[in-house]
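Chain by chain, the residues:
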Amino acid sequence: MDAEKNKEKPENSKIDDLYMNTEDGSGEVMSNNQGVRVNDDHNSLTAGERGPTLLEDFQFREKMTHFDHERIPERIVHARGEGAHGFFESYGDFSEITRASFLSEKGKRTPVFTRFSTVAGFKGSTDLARDVRGFAVKFYTDEGNYDLVGNNMPVFFIQDAMKFPDLVHAVKPEQDNEIPQAASAHDTFWDFISLMPESMHMIMWVMSDRAIPRSLSMMEGFGVHTFRFVNSKGESHFVKFHWKPKLGTHSVTWEEAQKISGQDPDFHRRDLWEAIENGNFPEWEFGVQLVEEKDEHKFDFDLLDPTKIIPEELVPVKILGRMVLNRNPDNFFAETEQVAFHPGHVVPGIDFTNDPLLQGRLFSYTDTQLIRLGGPNFAEIPINRPITPVHNNQRGGYMRQTINRGKGSYSPNQISGGCPFQAKMADGGFVSHQEKVEGYKIRNRSKSFMDHFSQAKLFYESQTEVEQDHIVKALRFELGKVGREEIRERMVGMLTYVNESLAKKVALGLGINPIFKPDMPLNHSFPADANPADYQPTEAKSSIEKSEKLSLMASPGKGIQGRSIAILANDGVDGGQVELYQDALKNEGANSKIISLHSGWITGAEGAKIKVDHSLATTSSVLFDAVLVPDGLQSAEALKEDSTAIRFLDEAYRHYKFIAVNGGGSDLWASTYASKNSDPKGVFFDEGPGTFIDAIAKHRIWEREDAEKIPV
Ligand code: HDD
């Protein structure tokens, strides 16, 4: 029902466009690909009842051949992903800074398709891997497609695209045995990183809780590079792109992440899908940091260096619009798998800078689509085609769909009346921003790219104590998996340049001499003829000591939309109370699920039947944000006989989740290990839904000192 409701969303010209290619077999007769009706789709044509299949059986051959060819190569990176349709809405007319038409008018809506992804894992891997998340948005604007192909972290591992294949080879499962899956590789990844100091800022982000988001709708997005906005007068601003989630930024703990990977590898995908089906549409605000051309060199870092952020304290984010995702795809392969993003798909008003990582990306994305989607006509695939008309002289190629009429396929021509015409700038023609470029043809890196530690330090030192502790634990975990001692030592050495206390804590966990601090060189990435000393990092200091916005906790968002609450119940539970909580939670956009000893139905104290969503055997506390044990002594007594119910509560407590216990439900609570604490923080007894809801909005109760003492 809800799914149907979603399809009635306000006009979306891209969805109308997709409907031209949509097929629905319900109520229809089966036919083969030639349109011939199929009489028997089950039995092949054989010579005699027990004889061999005949080559003549075109029904069998067609069915089998199509099946044999139904896979395409998965993306070399970002293979695992999920997408959704929606719209972008401009908050105003921003033509002063950009001539991009999707930002030209208050309330103007532009259809979008957004795909989120993990980077390292294969297509069938788990959502909760510690990893960067891709955040790619295709805007189907009225001036053609614009792709903002970003990540949920604002910096990158390397400064130059030339090293991307090395980075990816190092991070993907190791060459000989393809271990490990859905994680960054152990020895190879850290071997590479420990020789690559420019990655240290990104490493801080990846080792932070940003790499294990609670939900895709609770993470920020970033364009990473500095781009340009250009207005109709040809004036340019440097710009950094941001997506700010309405639900705030929240993560799970690493222990939960590992357990979720087993319990529900589709955790994020399911969460996104269900939020949209339930009408709780994920939403982000879109903002930019703008820097005037004249200020290009006023920072203590290079704006072209993709391992640097512009701290929001230096340049605040100006909010320009919002994106709402309100419709799930009809077909995963046709839409989410075949969608082809490219940072080079820009519209008038948006342009590039000379960031060497961006420049390399501008080559790589078309190249990869050619192998992945099988040829140069991938832009004709419905999910990729623009909603604006396409007229040019490109012809042929595998799977060409367009039937171009007329004799001419060249320009200039007279035979076709000179058509198709070029567009003047005033008529929407794309004109590249004019930038003066001068210099020798060299392979070198600017000295302004040599500060590798100041922002890594800024990031670490801007985190709350809890977040710093998580970074330490993440590094201990990841480096603890590295077999070669010299790599671990090199990494600890590198960390000493970020923050000595961090390095010491990690060293302690790894059993390494904590005062180990290497002398230069740290950097091993320079030309064969160069003097290594010329390529070593400078020990620069950031102009600010802390940037509050770098902590996840600085953006809690409002309310509890999208949260999942477990209600532990069995026969004899107070049905009225369950309903009261369920209604209150639903009103706030949260989901609640009844979890019981068995599937099916339970009977409340008043005799009413209550539908069970999950039996304890099929779910786990790690899949929920908070737990309610409603009133009902009989229910609690039955539940406490099952150790999984007790563990459910203890584990939720260990993971800093809020718990509400009412009336007779305290009998179950009393059986937990956590109840040994007579004043447990974040556990509410008989306080009603209001307090519980306000607490869940805080996400976790990090002040609970004894949480990790719970032995589950
Ligand atoms: Fe990339 C996919 C984001 C650097 C080459 N990239 C890909 C996707 C995202 C990003 C979100 C998945 C798009 C989708 O959902 O289909 N990539 C980034 C960001 C980067 C970055 C934010 C740094 C700022 N990427 C980067 C470099 C190169 C590539 C330096 C190569 C020079 N990326 C690719 C690719 C992929 C890709 C190999 C794989 C599948 C695809 O393009 O369509 O071409």
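Residues numbered from 1 in each chain as written. Predicted model: local features only at pLDDT ≥ 70, side-chain atom pairs only at ≥ 80, totals over all residues. Heavy atoms only, no water.

Caption draft 1: Seen up close, the overall build of the protein chain. Secondary structure summary: the protein chain contains 19 helices and 18 strands in total. Taken over the C-alpha trace, the protein chain has a radius of gyration of 28 Å; the compact-globule value for 712 residues is 27 Å, and the two agree within 12%. Residues classed as buried in the protein chain amount to 53% of the 712 residues present. If you take every contact in the protein chain between residues at least 6 apart in sequence, the share linking residues at least 24 apart comes to 75%. (Helix = DSSP H or I, 4+ residues; strand = E, 2+ residues; numbered from the N terminus. Rg over C-alpha atoms; globule rule 2.2 N^0.38 Å. Buried < 20%, exposed > 50% of the residue type's maximum accessible area, 1.4 Å probe, protein only. Contact = heavy atoms within 4.5 Å.)

Caption draft 2: Fine view of a negative patch on the surface. A contiguous patch of negative charge on the surface is contributed by D93, E96, E105 and E235. Note on placement: E235 falls in the loop between β6 (227–230) and β7 (236–245). (Patch = residues over 30% accessible without salt bridge, like charges linked within 9 Å, V, L, I, M, F, W, Y side chains within 5 Å. Areas by Shrake-Rupley, 256 points an atom, 1.4 Å probe, with all protein chains shown as cover. Salt bridge = Lys/Arg side-chain N within 4 Å of Asp/Glu carboxyl O. Lys, Arg positive; Asp, Glu negative; His and termini not counted. Charge placed at Lys NZ, Arg CZ, Asp CG, Glu CD.)

Caption draft 3: Expanded view of the coordination of the iron atom of the ligand. You will see that the iron atom of the ligand has only one donor from the protein, Y365 (OH), lying 1.9 Å away. Along the chain, the position of Y365 falls in helix α10 (residues 356–372). (Donors = N, O, S within 2.8 Å, 3.2 Å for Na, K, Ca; no water.)

Caption draft 4: Layout of the pairing of β6. Burial along β6 is two-sided: the face carrying F227 and F229 and the face carrying R228 and V230 are both buried. Bridging between β6 and β7 involves four bridges; their strand directions are antiparallel. Across the sheet, F229 pairs through a bridge with H237, a residue of β7. Joining the antiparallel neighbours β6 and β7 is a turn of five residues, in which G234 adopts a positive phi near 85 degrees. Bridging between β6 and strand β10 (residues 350–351) involves two bridges; their strand directions are antiparallel. Looking at the pairing, F229 lines up with I350 of β10. (Pairing = 2+ DSSP bridges.)

Caption draft 5: Inspection of the UniProt feature "domain: Catalase core" (unreviewed entry) in the protein chain at higher detail. Under the UniProt annotation, "domain: Catalase core" (unreviewed entry) lies at residues 31–419. Overall, residues 31–419 shows 20% helix and 19% strand. The separation of its end C-alpha atoms is 41 Å. (UniProt positions renumbered as here; feature names shortened; annotations may be inferred.)

Caption draft 6: Inspection of the packing of helix α12 (residues 465–480) against helix α14 (residues 500–510) at higher detail. Remark: α12 packs on α14, axes separated minimally by 9 Å, with the N-to-C direction vectors making an angle of 40 degrees. Relative to α14, α12 is oriented oblique. Of the two elements, α12 crosses α14, and the hand of that crossing is right-handed. Mapping the contact onto sequence places I471, V472, L475, R476, L479 and G480 in α12 and L502, K505, V506, L508, G509 and L510 in α14. Partitioning the contact of α12 with α14 into residue classes produces eight nonpolar, two polar and two charged. (Axes fitted to C-alpha atoms, helices over the stretch in contact; angles between N-to-C directions. Parallel < 35°, antiparallel > 145°, perpendicular 65-115°, else oblique. Left-handed = near helix turned anticlockwise from the far one by under 90°. Nonpolar A, V, L, I, M, F, W, Y, C, P; charged D, E, K, R; others polar.)

Caption draft 7: Here's a closer look at the pairing of strand β1 (residues 81–90). Taking burial as the measure, the 10 residues of β1 include 10 buried ones, the bulk of the element. Going residue by residue along β1, you find G81, G83, H85, F87 and E89 tucked away on one face and E82, A84, G86, F88 and S90 tucked away on the opposite face as well. As paired elements, β1 and strand β2 (residues 109–118) share nine bridges and run antiparallel to each other. Note on β2: the bridge partner recorded for G83 is R115.

Caption draft 8: Broad picture of the pattern of salt bridges. Throughout the structure, instances matching the rule amount to 45 salt bridges. D264 is the partner of R270 in a salt bridge, and the nearest nitrogen-oxygen pair spans 2.8 Å. In this structure R270 comes out as partly exposed when scored by relative accessible area, which is 39%. Judged by relative accessible area, which is 9%, D264 ranks as buried.

Caption draft 9: Fine view of the sheet that holds strand β11 (residues 564–568). On the basis of which strands lie adjacent, the open sheet formed by six strands has the order β15-β12-β11-β16-β17-β18 and parallel pairing. In this open sheet, the two strands that pair with only one neighbour each are β15 (614–615) and β18 (683–685). As judged from the two bridges shared by strand β12 (residues 591–596) and β15, these two strands associate in the parallel manner. Bridge pairing in β15 places S596 opposite S615. Packing of helix α15 (residues 575–587) onto the sheet brings it into contact with β11, β12 and β16 (626–629), and relative to β12 it is tilted by some 150 degrees. The sheet strands contacting helix α19 (residues 689–696) are β11, β16, β17 (658–661) and β18, and the helix crosses β17 at an angle near 170 degrees.

Caption draft 10: The nonpolar core, seen in detail. One finds F157, W190, M200, I203, M204, L475 and L502 to be the most contacted residues of the largest nonpolar core, which totals 57 residues. Going through the elements one at a time, α4 (164–171), α5 (187–194), α6 (200–206), α11 (454–461), α12, α13 (485–496) and α14 are the ones with two or more residues in this core. When residues in this core are grouped by element, the largest group, six residues, is from α6. Structurally, this core is a two-domain feature, drawing no fewer than three residues from each of domain 2 (74–185 + 212–384) and domain 4 (457–553). (Core = buried A, V, L, I, M, F, W, Y, C linked by side-chain atoms within 4.5 Å. Domains from an automatic or database assignment.)

Caption draft 11: Representation of the site of the ligand. Near the ligand there are 23 residues, and of these R75, R115, R361, Y365 and Q369 occur at the shortest range. Within the contact set of the ligand, an oxygen atom lies 3.2 Å away from a side-chain nitrogen or oxygen of S364. For the shell around the ligand, the secondary structure elements donating two or more residues are β3 (133–141), β4 (144–151) and α10. For the shell around the ligand, the element with the most residues is α10, which contributes seven residues. Split by residue class, the shell around the ligand holds 11 nonpolar, nine polar and three charged. (Near = heavy atom within 4 Å. Polar contact = N/O pair within 3.5 Å; in protein donor to acceptor, adjacent residues only side chain to side chain.)

Caption draft 12: Highlighting the environment of V498. Assignment of secondary structure puts V498 in the loop between α13 and α14. Residue classification places V498 among the buried residues on the basis of a relative accessible area of 0%. Measuring from C-alpha to C-alpha, the distance between V498 and I260 comes to 31 Å, with 238 residues separating the pair along the chain. Leave out the neighbours within four places in its chain, and V498 touches M200, M204, F453, A456, K457, Y460 and E461.

Caption draft 13: Structural context of the side chain of H186. For H186, the location among the structural elements is in the loop between α4 and α5. Relative accessible area serves as the criterion here: at 19%, H186 is assigned to the buried category. The contact partners of H186, leaving out residues within four places of it in the chain, are E174, P180, K481 and V482.

Caption draft 14: Geometry of the side chain of D127. Here D127 lies in the loop between β2 and β3. Within the structure, D127 has its side chain in polar contact with the backbone nitrogen of F267 (distance 3.4 Å). For D127, the residues in contact, after removing those within four places along its chain, are R80, E82, T118, R133, P265, D266, F267, H268 and R269.

Caption draft 15: Region of interest: α15. Between its first and last C-alpha atoms α15 spans 18 Å; for 13 residues at 1.5 Å apiece the expected length is 18 Å, and the two agree. Of the residues making up α15, those classed as buried are G575, Q577, V578, Y581, A584 and L585. Buried positions along α15 lie against β11, β12, β14 (609–611), β16 and α19. Trailing α15 by a residue or two, G589 shows a phi angle of about 85 degrees, which is positive. (Expected span 1.5 Å × (residues − 1).)

Caption draft 16: Local environment of α4. Buried within α4 we find L167, V168, A170 and V171. For α4, the buried positions fall inside an angular range of 160 degrees around the axis, keeping them on one side. Where α4 is buried, its residues meet α5. (Arc of directions from axis to C-beta.)

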